[in-house]
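Chains, contacts and geometry: an overview
Now for the letters of each chain:
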Amino acid sequence: MSSPMSTPALLNRTPGDRDANQPQETPQREIEQNATTTANRGEAELVTVAGTEIEFPCEPGQTVLEAAETAGWSIPYSCRKGVCTSCTGGLRAGELAVRGRGTISGPADNVLLCRAEPLGPVEIEPRRIERREPPRRKALTTVVHRIRRPAPRVTVLDLRFPIGRRAPFQAGQFLNVTLPDGDTRPYSLANSPQHNDAAELHVRTEPGGRFSEQIVGELRRGDLVSVETPFGEFVLDDTDAPVILLATGTGFAPIKSMVQDQIARRQTRRMHLYWGCRTADDLYLRELPEKWAARHDWFRFTPVLSRPAPGWRGATGWVQQAVLADYPDLAHVHVYACGSEAMTTQALATLTSEAGLREEHFHADAFVPAAGSLTTA
Ligand SMILES: Cc1cc2nc3c(=O)[nH]c(=O)nc-3n(C[C@H](O)[C@H](O)[C@H](O)COP(=O)(O)OP(=O)(O)OC[C@H]3O[C@@H](n4cnc5c(N)ncnc54)[C@H](O)[C@@H]3O)c2cc1C
Ligand code: FES
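Overview of the structure. (Residues numbered from 1 in each chain as written. Chains lettered and ligands numbered in written order. Predicted model: local features only at pLDDT ≥ 70, side-chain atom pairs only at ≥ 80, totals over all residues.)

With that settled, the discussion passes to the pairing of strand S12 (residues 138-151). The side chains of a regular strand alternate between both faces of the sheet. In terms of strand pairing, S12 meets strand S17 (residues 224-231) through six bridges, oriented antiparallel. Residue pairing in the sheet places Val143 in a bridge with Leu224 of S17. Inspection of the sheet shows S12 paired to strand S13 (residues 154-160) by six bridges, in the antiparallel sense. When the bridges of S13 are listed, Arg146 appears paired with Asp158. (Pairing = 2+ DSSP bridges. Helix = DSSP H or I, 4+ residues; strand = E, 2+ residues; numbered from the N terminus.)

As a structural note, the neighbourhood of ligand 1 is formed by 26 residues, with Ser188, Arg204, Gly209, Ser212 and Pro369 the closest of them. Put simply, the parts of the chain that give the shell around ligand 1 at least two residues each are strand S15 (184-188), strand S16 (198-204) and helix H3 (210-215). Looking at the shell around ligand 1 residue by residue, the classes come out as 13 nonpolar, seven polar and six charged. (Near = placed C-beta within 6 Å. Nonpolar A, V, L, I, M, F, W, Y, C, P; charged D, E, K, R; others polar.)

Another aspect to go through is helix H4 (residues 252-264). For H4, built from 13 residues, the straight-helix expectation of 18 Å at 1.5 Å per residue is met to within 8% by its first-to-last C-alpha distance of 18 Å. Every buried residue of H4 is accounted for by Phe252, Ala253, Pro254, Ile255, Lys256, Ser257, Met258, Val259 and Gln262. Where H4 ends, the next residue or the one after it, Arg266, has phi of about 55°, a positive value. (Expected span 1.5 Å × (residues − 1). Buried ≥ 20, exposed ≤ 12 C-beta atoms within 10 Å, placed from the backbone.)

Let us now look at the sheet that holds strand S22 (residues 334-339). With respect to topology, six strands assemble into an open sheet ordered S21-S20-S19-S18-S22-S23, the strand pairing being parallel. Only two strands of the sheet have a single partner each, and these edge strands are strand S21 (315-316) and strand S23 (362-366). Across five bridges, the pairing between S22 and S23 is parallel. Bridge pairing links Tyr336 to His363 in S23. Sheet strands touched by helix H5 (residues 287-295): strand S19 (271-277) and strand S20 (299-305). Its angle to S20, the strand with the most contacts, is close to 145°. (Contact = placed C-beta atoms within 7 Å. Axes fitted to C-alpha atoms, helices over the stretch in contact; angles between N-to-C directions.)

Contact geometry for helix H6 (residues 319-326) and helix H7 (residues 341-355): axes closest at 9 Å, N-to-C directions at 25°. Looking at the two axes, H6 sits roughly parallel to H7. Crossing angle aside, the handedness with which H6 passes H7 is right-handed. For the pair H6 and H7, contact is made by Val319, Gln320, Val323 and Leu324 and by Met343, Gln346, Ala347, Thr350, Leu351, Glu354 and Ala355, respectively. Per-class residue counts for the contact of H6 with H7 are seven nonpolar, three polar and one charged. (Parallel < 35°, antiparallel > 145°, perpendicular 65-115°, else oblique. Left-handed = near helix turned anticlockwise from the far one by under 90°.)

The amide bond that connects Gly106 to the next residue, Pro107, takes the cis arrangement and shows omega of 0°. Here Pro107 is to be found in the loop between strand S7 (102-105) and strand S8 (108-112). Here the amide bond leading from Thr229 into Pro230 is cis, since omega sits at -5°, within 30 degrees of zero. With respect to the helices and strands, Pro230 occurs in strand S17. With a phi angle near 60°, Arg80 is a residue other than glycine that sits in the positive phi range. Counting through the fold element by element, Arg80 comes out in the loop between strand S4 (73-74) and strand S5 (88-93). Here the phi dihedral of Asn110 falls at roughly 55°; this positive angle occurs in a residue that is not glycine.

Taking strand neighbours across the sheet as the criterion, the three strands line up as S7-S6-S9 in an open arrangement whose pairing is antiparallel. Across the chains shown, the open sheet's two edge strands, defined by having one partner strand only, are S7 and strand S9 (116-118). Each strand of the sheet is rotated relative to its neighbour by a mean of 35°, with strand direction disregarded. Two elements, strand S6 (residues 95-98) and S7, share four bridges in a ladder whose sense is antiparallel. Paired with Leu96 across the bridge in S7 is Ile104.

Looking now at the pairing of S6. Count of turn residues in the S6/S7 antiparallel hairpin: three residues, of which Gly100 carries a positive phi of about 80°. Relative to S9, S6 runs antiparallel, the two sharing three bridges. Across the sheet, the residue bridging to Val98 is Ala116, located in S9.

Of all hydrophobic cores here, the largest spans 72 residues; its most connected members are Leu245, Leu246 and Val335. Here Leu246 is in contact with Tyr274, Val319, Gln320, Val335, Ala337, Met343 and Ala347, once residues within four sequence places are set aside. Counting residues in hydrophobic clusters, the runner-up holds 23 residues, among them Val47, Cys58, Ile75 and Ala116. (Core = buried A, V, L, I, M, F, W, Y, C linked by C-beta atoms within 7 Å.)

In this section: the environment of Asp329. For Asp329, the location among the structural elements is in the loop between H6 and S22. Its 9 C-beta neighbours within 10 Å are what place Asp329 among the exposed residues. Along the sequence, Asp329 and Leu351 sit 22 residues apart, while their C-alpha atoms lie 9.0 Å from each other. Among residues more than four places away in sequence, those in contact with Asp329 are Ala355 and Gly356.

Listed below in structure tokens is the structure:
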């Protein structure tokens, strides 16, 4: 076993942690990209929100999304890399430099607010904006405590934080792993929020993937992994409406955190999980939801296989089709979907058009690839 101090795996700074809300190093490639958009600006620009009294400053180098967060406003987002389009909104007036996409002048629609920096005062129209405490993010150097490979293409990584350090989060949120060049990869936190001195990640191996194959494949107990946590809006609403949970593959990770959180808090909100994988072997922690279903009458579990072996007697096909077969009316249900982008996109379209699910009751984190994030975004 190698010692944390001697293993350079993902060590980007000395072990320890810092408050990620404090000024921090910006990756070199990001600095170069930003140079064209921020070089002549030394002052904050004012961002106003159309149709509201909301306004906040955006510091040089900050995106509109980051500035909103700093000011205590939450705009929808997921990847923060210009890939998933969760953060798109309108630009009613002014000019924005959108990293990797050039300058946009208002009025314009479908602007990626996670990549947009104001070039002067701007008026924006996000799809949603809500009061939210500014996130208290922490950058931590964690230690690999345990590595499990419960399925051929899935690694469960248990990371421990420095002794005495905790990083509170909400079930469903994710952290960013920082790669040696400063690029990042988001991974959902699979542990329950009650255990916030550690992080459990479920990583699906992508062929050729920089983190999931090349780095995870080499990791050993005691290696160091730099992370920043927490991020994300994929958290349960505070109503008691019944919940349908949809997962494909490692999209089970944040769902596990949500259910274990509910168990820990002795809540009994009704939940039905549909977990879709190709084969039964891909249901890598299947015994867990089976155990929850056996112990808690508020929880149901339906595994769904798209390529079942002969003899499989359970549901087959796509998770959203399995839901439709069981619940033709979803008017009063909230759906939380996590995993492949194909699933989250199709589930939204199918369940809203065929079962009356209200769009605002559909919540998703799509595991979009981050490839090219520093070069194209
Ligand atoms: C909010 C969020 C949460 C996430 N949580 C998880 C999680 O809990 N578990 C998990 O396994 N992944 C998760 N992901 C995906 C993860 O962040 C990485 O994108 C993924 O692990 C690949 O990273 P990599 O460095 O190995 O591959 P890269 O080097 O970035 O890409 C290598 C190749 O694989 C392709 N590729 C990468 N990702 C995918 C994909 N998802 N589907 C199809 N092709 C792909 C790329 O296009 C590229 O060709 C999440 C993504 C987001 C946006
Ligand atoms: S959060 Fe902006 S594109 Fe994903």
